[in-house]
Amino acid sequence: MNREKYYIRAYGCQMNLYEADVISSIMDKAGFAQVSNEREADIVYLVTCSVRNHAENRVLGRLNSLKQLKKSKPDLIIGILGCMAQNYKGKLSNGHGADLVVGPDEYRRLPELVNKFTQVHKPQIQTEFNTENYEGILPKVVNKTTGFVSIMRGCNNYCSYCIVPYVRGRERSKPKEQVIQEVNNLINNGVKDITLVGQNVLAWNGDGLKFLDLLKIVDGISGFDRLRFITSHPKDLTIKHFDVLLTLKKFCPNIHLPLQSGSNRILNLMNRGYTKEEYIQKVKKGREIIPDISFTTDVMVGFPTETDDDFKDTLDVIEQLKFDFAYMFKYSERPNTKACEIKPQVNETVSQQRLTKLIEIQNQITNEKSKELLDKTLEVLVESKNGVQFYARTKTNKVVIIKEPVETGKTYLCKVIRVAGWTPIGKIINN
Ligand code: SF4
């Protein structure tokens, strides 16, 4: 049977979204055709995330429904790719029915593995680690307004709760030339807003250059308007970064800076490499140097041994720094990470209560931050449409809803006329 059509769905972080486009490029080049509905597909790929238990359970649920679909479509090939593939290897085929289990460094082999499976009808498990950076591959450009360029892969930081170094391997930077080529490819496809991604972009280096040098080079490329990067590790962020960012033409003033905890004792157990005071000082300095900068963050509650006082320290940072937005989670134990050895675990009910409290406080702050935008004129780039509503983004990474006809991919000036929940509603003033 000729396997022609594939469907791909990415879970988790920006890196997975980016790599789904790398996979599409590899598959297209090998003669397969992408479809947007799994019912039409001969091959279904799930690009998976292992960062939290919840993310894994979602994929396992999906895998179950695909197994059902396979009853009526026995030739369907199910491929589990990415972090879960690396983490669970053959278990995903034995216990869960995946036909292909392929880790993040082995995507180049996908067409060959599909063909092999078709011939031998035996699960293909491929999870070798190498120094793969997908050089020479231009990811398929799916979205013509915003795009990602991965500038590095892997992580050397070994935060004690995190599985990433175990499933994505050691840090490696993509050569500057490839980064430039990918940026140009996005520009040639009409992309206006480009985000450089990596587990810790600040650690990028190559040919004696550092991240800020790369940023200056990319900022100097003409043909696009907005430059972002994610994720920045607080231990590697310095005052010099803000000084340089201020001089860039396209930098969008938003930094995602995962706090994780406000307690120095917990930060130390997490192996994060900074203190509460250092973190606060960096954010304050950033705001002093770039007054319109927005900060977003990740916060975790219920890390093993976290006490009420530790949690209060976290709330203290949240209340002092007033982040524009925060992703908030309960600690999720990841097998074989150092944090598994730290005892005692925090009781589930206590973790949930802390999370609820944290969300309540941060939501209030996010809401106040949105209200500060009322009557302000903002430059927004229209990214997508849903029914009669358009979703546009400010340079500071806030989504504004526009309820009048606008063009996707175009930049407008809009005035915030009201705030619904915490989402600003804007009226175009320069149509
Ligand atoms: S910096 Fe820490 S949390 Fe981020 S990917 Fe690396 S180990 Fe995980």
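Residues numbered from 1 in each chain as written. Predicted model: local features only at pLDDT ≥ 70, side-chain atom pairs only at ≥ 80, totals over all residues.

S.K.: I would appreciate a short explanation of the overall build of the protein chain in the present structure.
M.R.: The secondary structure content of the protein chain amounts to 13 helices and 21 strands. For the protein chain, the C-alpha radius of gyration of 22 Å lies close to 22 Å, the compact-globule estimate for 431 residues. Projecting the C-alpha coordinates of the protein chain onto the three principal axes gives extents of approximately 60 × 60 × 45 Å. Counting every position in the protein chain, which comprises 431 residues, the buried fraction comes to 42%. Taking as baseline every contact in the protein chain between residues at least 6 positions apart, the subset at least 24 positions apart corresponds to 72%. (Helix = DSSP H or I, 4+ residues; strand = E, 2+ residues; numbered from the N terminus. Rg over C-alpha atoms; globule rule 2.2 N^0.38 Å. Buried ≥ 20, exposed ≤ 12 C-beta atoms within 10 Å, placed from the backbone. Contact = placed C-beta atoms within 7 Å.)

S.K.: What am I meant to see in the sheet that holds strand β14 (residues 254-256) here?
M.R.: Where strands meet in a sheet, backbone hydrogen bonds hold them as pairs that are either parallel or antiparallel. Spatial ordering of the open sheet is given by β14-β15-β16, a layout of three strands whose pairing is parallel. Strands with a single pairing partner mark the edges of an open sheet, and in this sheet they are β14 and β16 (325-330). When the angles between neighbouring strand axes are averaged without regard to direction, this sheet yields 10°. Both strand β15 (residues 294-301) and β16 contribute to a ladder of six bridges, which runs parallel. Bridge pairing in β16 places Val-299 opposite Met-328. Where helix α13 (residues 348-371) meets the sheet, it contacts β15 and β16, and its direction lies at approximately 175° from that of β16. (Pairing = 2+ DSSP bridges. Axes fitted to C-alpha atoms, helices over the stretch in contact; angles between N-to-C directions.)

S.K.: Help me understand the site of the ligand in this model?
M.R.: Every residue lining the ligand is accounted for by Cys-155, Asn-157, Tyr-158, Cys-159, Cys-162, Val-164, Pro-165, Gln-199, Asn-200 and His-233. Among the residues making up the shell around the ligand, the classes are represented as six nonpolar, four polar and no charged. (Near = placed C-beta within 6 Å. Nonpolar A, V, L, I, M, F, W, Y, C, P; charged D, E, K, R; others polar.)

S.K.: Where do I start with the pairing of strand β19 (residues 399-402) in this structure?
M.R.: Looking down a regular strand, the side chains alternate between one sheet face and the other. Residues of β19 alternate between two faces, with Val-400 and Ile-402 buried on one and Val-399 and Ile-401 left unburied on the opposite face. Here four bridges tie strand β18 (residues 389-394) to β19, and the two strands are oriented antiparallel to one another. When the sheet's bridge partners are listed, Ala-392 is paired in β19 with Val-400. Between β18 and β19, which follow one another and run antiparallel, lie four residues, and Asn-397 among them has a positive phi close to 75°. Here β19 pairs with strand β21 (residues 423-428) via two bridges, running parallel. Note on β21: the bridge partner recorded for Ile-402 is Gly-426.

S.K.: Would you mind showing me how to read the packing of helix α7 (residues 176-188) against helix α8 (residues 211-219) here?
M.R.: In a packed pair of helices, the relevant descriptors are the angle between the two axes and the axis-to-axis distance. The geometry of α7 relative to α8 is characterised by a closest axis approach of 11 Å and an angle of 30° between their N-to-C directions. One way to sum up the angle between α7 and α8 is to call them roughly parallel. With respect to the hand of their crossing, α7 and α8 are arranged in right-handed fashion. The residues of α8 that touch α7, namely those facing Lys-176, Val-179, Ile-180 and Val-183, are Leu-214, Ile-217 and Val-218. Within the contact of α7 with α8, the residues separate by chemical class into six nonpolar, no polar and one charged. (Parallel < 35°, antiparallel > 145°, perpendicular 65-115°, else oblique. Left-handed = near helix turned anticlockwise from the far one by under 90°.)

S.K.: Please explain the pairing of strand β10 (residues 193-197) as it appears in this structure.
M.R.: Within β10, four of the five residues are buried, leaving the element largely enclosed by the surrounding structure. Here five bridges tie strand β7 (residues 146-150) to β10, and the two strands are oriented parallel to one another. Within β10, the position partnered with Gly-147 by the bridge is Ile-194. Pairing of β10 with strand β13 (residues 226-230), which is carried by five bridges, proceeds in the parallel orientation. Paired with Asp-193 across the bridge in β13 is Arg-226.

S.K.: What should I look at first to understand the environment of Met-300 in this one?
M.R.: Checked against the element boundaries, Met-300 lands in strand β15. Between the C-alpha atoms of Met-300 and Pro-104, which are 196 residues apart in sequence, the distance is 26 Å. Here Met-300 is in contact with Gln-260, Ser-261, Phe-329 and Tyr-331, once residues within four sequence places are set aside.

S.K.: Sorry, what's going on with unusual backbone geometry here?
M.R.: Excluding glycine, residues mostly carry a negative phi; peptide bonds, for their part, are mostly trans. Between Ile-230 and Thr-231 the backbone carries a cis peptide bond, its omega angle lying at 5°. For the bond from Lys-343 to Pro-344, the omega torsion is 0°, close enough to zero to count as cis. Its place among the elements puts Pro-344 in the loop between β16 and α13. Even without being glycine, Lys-89 reaches a positive phi, approximately 45°. Phi is positive for Asn-397, close to 75°, though the residue is something other than glycine.

S.K.: Can you help me understand the packing of helix α11 (residues 276-289) against helix α12 (residues 308-321) in this one?
M.R.: In the contact formed by α11 and α12, the axes pass within 11 Å of each other and the chain directions differ by 10°. In terms of axis orientation, α11 runs roughly parallel to α12. Contact residues: Lys-276, Tyr-279, Ile-280 and Val-283 in α11; Asp-313, Val-317, Gln-320 and Leu-321 in α12. By residue class, the composition of the contact of α11 with α12 is five nonpolar, one polar and two charged.

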